[in-house]
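Overview (structure and organization)
For reference, the chains in residue letters:
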Amino acid sequence: MHVLLLGSGGREHALAWKLAASPLLTKLYAAPGNPGIAEEAELADLKLADHAAIAAFCKANRIELVVVGPEAPLVAGLVDDLESAGIKAFGPKAAAARLEGSKSFTKRLAAANNIPTARFTEFSDAAAAKAHVRRHGAPIVVKADGLHAGKGVVVAMTPDEAFAGIDLAFEMTGAAKAPVVLEEFLTGEEASLFFLVDGENVLPLAGAQDHKRAFDGDQGPNTGGMGAYSPAPVLTPEIERRTLEEIVRPTARALVRAGTPYRGVLYAGLMITAEGPKLIEYNVRFGDPECQVLMPRLKDDLLTLMLATVDGTLAKVSARWLSDAAIAVVLATKGYPGAYATGSEIKGLERASEVEGVKIFHAGTRREGARLLASGGRVLDVTATGKNIAEARARAYRAIDLIDWPEGFYRRDIAWRALASTRHGRA
Ligand code: AMP
Ligand code: GLY
């Protein structure tokens, strides 16, 4: 089977690596790809926004499945356009991708279906939003509708922070006149659970926790994610069951009833509160770097699971997981998530890759002759498996110590929560 994988980050490198191991695969293409993905797939020169060119490429190369990695093409209707051209694609159509594309859509769906989530109010007027903050006080969470690459949310600890967040949110959504959501501040531990959904059927995958802040001790600005691990001790079997029954199944059913069934991987971002799991957000794709810790733990064939999702036969397959733990530590260019320089050379990856259990995924690299250069904010994901989190983590950091890249930085404390809870006997 010929497969085309779309995307160019560490998530897509992990997907490429797992797809390449499938007994069903005869040829893997990827676009735009990166030097790591190029080790697993033949790269094609395609722009994700050019749906017609992607469809033409699929016809010319007898592609039987397109796997869409990132959210933007899903929200933009790439899967709708491919299906109209008779091409199978893994990922939701635009109407169902609103679960990530619109906070307001998801909050309304949750409210209408009794799905546990933070209480919320929508505003299309900044003055009214500020009056709400004056009445209810802080902490409070301000969310701008639409896709903002993780920058649309302000967790305001004071009313002044909320006022500034409201102004910012209205600036971001202004042109679209989309609403701003103010919601209750939830306390608890954050974690993510992943599911395959084929319309009505939901197949739970595994869980993970990531680290959104740039620096050790969860300090510094928010990023796309500086590291992740799986499994997450906070996601007990009971929490997983409640998330499935109280949150994800009602969502899948509601979308089927609305005539916009969800097909693809669904990422439930959760707060594990004293009352149980509450939905913070949905993403309509695998997490990055969460995908990098899920793929090494997946025992079954990813391509089989993706085909079952697209064909509506998820009820007939299962997903089994290694009991081993996996961790991913992100190496980023100094300055990220703010301004940073590109083009610095990275050395030592071959030696680092030889550490037992280690696999290095490329996120933002390019090749220039024999040299490997940094080309983005998040550059490499050093992933390791081990019999438990402590062993996986020791291996990942041993590998990082062998990488020679003075312009990079990383967190030294990935998985601190899991290790702390293990010490307290939770895992
Ligand atoms: P979102 O883009 O909706 O996932 O929000 C980004 C981050 O803001 C989340 O990962 C949480 O850390 C935080 N956050 C969002 N909503 C809430 C909430 N209701 N209470 C506390 N923290 C929140
Ligand atoms: N690591 C968070 C995300 O993929 O949204």
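Our structure's up above, just so we're on the same page.
Residues numbered from 1 in each chain as written. Chains lettered and ligands numbered in written order. Predicted model: local features only at pLDDT ≥ 70, side-chain atom pairs only at ≥ 80, totals over all residues. Heavy atoms only, no water.

Another aspect to go through is the site of ligand 1. Contacts to ligand 1 come from 15 residues, most closely from Glu 183, Glu 184, Leu 186, Glu 190 and Glu 281. In this structure, an oxygen atom belonging to ligand 1 sits 3.1 Å away from a side-chain N or O atom of Lys 103. Backbone polar atom of Glu 184 to a nitrogen atom of ligand 1: 2.8 Å apart, as the coordinates give it. Breaking the shell around ligand 1 down by element, the ones donating at least two residues are β7 (140–144), β8 (153–156), β9 (180–184) and β16 (276–283). (Near = heavy atom within 4 Å. Polar contact = N/O pair within 3.5 Å; in protein donor to acceptor, adjacent residues only side chain to side chain. Helix = DSSP H or I, 4+ residues; strand = E, 2+ residues; numbered from the N terminus.)

Further remarks concern the packing of aromatic side chains. Under the criterion given, the structure shown has six aromatic pairs. Ring plane angle 70 degrees and centroid distance 5.6 Å describe the contact between Trp 17 and Phe 361, whose orientation is recorded as edge-to-face. Note that Trp 17 is positioned in helix α1 (residues 10–20) and Phe 361 in strand β19 (residues 358–362), a separation of 344 residues in sequence. Taking relative accessible area as the criterion, Trp 17 reaches 27% and is therefore assigned partly exposed. The exposure class of Phe 361 is buried, given its relative accessible area of 0%. Ring centres of Phe 194 and Tyr 267 lie 4.8 Å apart, and the angle between their planes is 65 degrees; on these two criteria the pair is classed as edge-to-face. One end of the pair, Phe 194, is in strand β10 (residues 189–198); the other, Tyr 267, is in strand β15 (residues 263–273), with 73 residues separating them in the sequence. By relative accessible area, Tyr 267 is classed as buried at 5%. Here the aromatic residues Phe 194, Tyr 267 and Phe 286 are joined through ring pairs into a cluster of three or more. (Phe/Tyr/Trp six-rings, centres within 6.5 Å; stacked < 30°, edge-to-face > 60°. Buried < 20%, exposed > 50% of the residue type's maximum accessible area, 1.4 Å probe, protein only.)

On to the sheet that holds strand β6 (residues 120–123). The four strands are arranged β6-β9-β7-β8 in an open sheet whose pairing can be described as antiparallel. Each edge of the open sheet is held by one strand with a lone partner, namely β6 and β8. Geometrically, the sheet is characterised by an average inter-axis angle of 20 degrees between neighbouring strands, direction not taken into account. Strand direction decides the pairing type here: β7 and β8, joined by four bridges, are antiparallel. Within β8, the position partnered with Val 142 by the bridge is Val 154. Each of β6, β7, β8 and β9 touches helix α6 (residues 103–112); the most contacted strand, β6, lies at about 140 degrees to it. Contacts between helix α8 (residues 159–173) and the sheet are confined to β6, β7, β8 and β9, with β7 contributing the most and set at about 10 degrees to the helix. (Pairing = 2+ DSSP bridges. Axes fitted to C-alpha atoms, helices over the stretch in contact; angles between N-to-C directions. Contact = heavy atoms within 4.5 Å.)

Another point: the site of ligand 2. Taken together, Asp 210, Gly 224, Tyr 267, Asn 283, Arg 285, Gly 287, Asp 288, Pro 289 and Glu 290 make up the full set of residues adjacent to ligand 2. In the model, a nitrogen atom of ligand 2 is placed 2.9 Å from a nitrogen or oxygen of the Asp 288 main chain. A distance of 2.9 Å separates a nitrogen atom of ligand 2 from a polar side-chain atom of Glu 290. Protein burial of ligand 2: of its 200 Å² of free accessible surface, 89% is covered by the chains. Of the residues assigned to the shell around ligand 2, the class counts are two nonpolar, three polar and four charged. (Areas by Shrake-Rupley, 256 points an atom, 1.4 Å probe, with all protein chains shown as cover. Nonpolar A, V, L, I, M, F, W, Y, C, P; charged D, E, K, R; others polar.)

Next up on the list: the pattern of salt bridges. In this structure the tally under the stated criterion is 31 salt bridges. Arg 285 is the partner of Glu 100 in a salt bridge, and the nearest nitrogen-oxygen pair spans 3.2 Å. Here Glu 100, found in helix α5 (residues 94–101), pairs with Arg 285, found in the loop between β16 and α10 (290–294); they are 185 residues apart in sequence, far enough to count as distant. Taken individually, Glu 100 and Arg 285 each receive the classification buried, so the pair is uniform in this respect. Across the pair Lys 212 and Glu 190 runs a salt bridge whose closest N-O atoms are separated by 3.8 Å. Here Glu 190 lies in strand β10 and Lys 212 lies in the loop between β11 (202–210) and β12 (213–215), a separation of 22 residues in the sequence. Its relative accessible area of 30% is what places Lys 212 among the partly exposed residues. Residues joined by salt bridges that share partners form a network here, namely Asp 218, Arg 411, Asp 413 and Arg 417. (Salt bridge = Lys/Arg side-chain N within 4 Å of Asp/Glu carboxyl O.)

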